[in-house]
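Chain and residue survey
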Amino acid sequence: MTYPKTRLRRLRATPALRALSRETSLSAADLVQPLFVCHGENVRRPVASMPGQAQLSVDEATREAEALAKAGVGGVILFGLPATKDPEGREAYDENGIIPKALRALKRATPDLLLWADVCLCEYTDHGHCGILNGDRVDNDRTLPLLARAAVAYAAAGADMIAPSDMMDGRVGVIRRALDDAGQAETPIVAYSAKYASAFYGPFREAAESAPKFGNRRGYQMDPANSDEALREVALDLEEGADMVMVKPALPYLDVIRRVKDRFGVPVAAYNVSGEFAMIHAAARNGWLDGERAALETLTSIRRAGADVILTYFAKEIAPVLGRERE
Ligand code: PBG
């Protein structure tokens with residue numbers, strides 16, 4: 001049946017018809033807002049490259065979490081700024097470090113908001129790499145027990161989800177065993193399974209003060225040209241016990257999100273990273289595009305590609321818009 005009997009425009013005629021035939025939904029509950037937590041009190045240090053985002057002391061992060069919970073946002077993921085950095089990234093696995101402190105406060109203030117804890121050493125090491133070094137190489141196997149210690153400390157402090165982002169081989173299995181041994185068998189792991197060595201992390205490294213002091217992360221993060229390899233990463237992480245897998249960044253890797261969803265049919269998260277956020281804000285500030293519409297279209301595309309959950313700095317500003325009637 002073709003034209004003139006078939007007219008696809010019929011179902012596009014009004015807002016009500018468009019709402020009825022819309023294939024992809026986007027709601028605040030699908031979104032997870034990243035927060036950068038630092039020591040001190042009443043600290044709110046804006047991140048220049050990420051309008052509206054700031055390094056927050058625990059009291060300020062608590063206020064932020066309360067507002068996000070009220071807006072219906074699905075959760076927050078915490079990144080920590082330690083008091084001091086050292087070669088082993090000690091504060092990452094200190095039970096009294098910045099992340100356990102923040103988790104305890106947020107769990108009390110917003111018991112129903114899901115608290116995700118990112119597990120990685122790069123914010124805590126003085127060299128800025130995601131594990132401990134052997135010469136100028138990151139030592140995979142000596143890093144694993146430290147990641148496991150961090151995961152256990154965060155779960156004990158109230159983390160609802162443990163999210164390793166370091167890209168070491170075997171870390172999901174080691175973390176799963178450590179959590180189980182510590183009586184945290186019910187705590188889910190969200191593995192950053194396909195995390196690419198991306199230019200789009202630039203603003204995050206300003207916010208988290210985590211840029212590597214030498215070299216780059218191409219020796220452990222994935223090559224942007226690969227997607228078969230992403231499927232292998234996901235398969236291994238699922239075998240090791242991951243409950244949800246992640247693709248990161250999101251926009252340049254929508255095809256990877258789709259392949260992962262189609263192949264495995266497991267819960268998939270996508271990280272709409274700092275650079276993706278910054279470029280929309282930068283263009284909107286110049287009057288070059290409508291920032292709110294661009295953000296909505298971006299987030300919808302990530303859901304359409306197959307992501308169940310989106311980690312995004314837009315959560316805070318977009319959640320209120322999602323409640324409103326959409327055209
Ligand atoms: C590494 C980590 C990174 C991000 C979150 N955790 C990337 C990196 O520096 O390699 C990036 C998130 C973003 O850009 O929004 N632990």
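Residues numbered from 1 in each chain as written. Predicted model: local features only at pLDDT ≥ 70, side-chain atom pairs only at ≥ 80, totals over all residues. Heavy atoms only, no water.

**Re unusual backbone geometry**
Backbone torsion omega between Y3 and P4 reads 10°, so that peptide bond is classified as cis. Following the sequence through the fold, P4 ends up in the segment before α1 (15-20). Between K248 and P249 the backbone carries a cis peptide bond, its omega angle lying at -10°. If you trace the backbone, P249 turns up in the loop between β10 (244-248) and α8 (254-264). With a phi angle near 70°, M167 is a residue other than glycine that sits in the positive phi range. Residue placement: M167 occurs in the loop between β8 (161-164) and α5 (171-181). (Helix = DSSP H or I, 4+ residues; strand = E, 2+ residues; numbered from the N terminus.)

**Some points on the environment of K316**
Relative to the assigned elements, K316 resides in helix α11 (residues 315-323). Separated by 218 residues in the primary sequence, K316 and I98 place their C-alpha atoms 22 Å from one another. Every residue in contact with K316, bar those within four places of it in the chain, is listed here: Q33, G52, E64 and L68. (Contact = heavy atoms within 4.5 Å.)

**Structural notes on α8**
Within the span of α8, buried status applies to V256, I257 and V260. All buried residues of α8 fall inside an arc of 105° around its axis, so they share one side. Lining the buried residues of α8 we find β9 (190-195), α7 (228-240), β10, β11 (268-272) and α10 (291-305). Count one or two residues on from α8 and you reach G265, which has phi positive near 60°. (Buried < 20%, exposed > 50% of the residue type's maximum accessible area, 1.4 Å probe, protein only. Arc of directions from axis to C-beta.)

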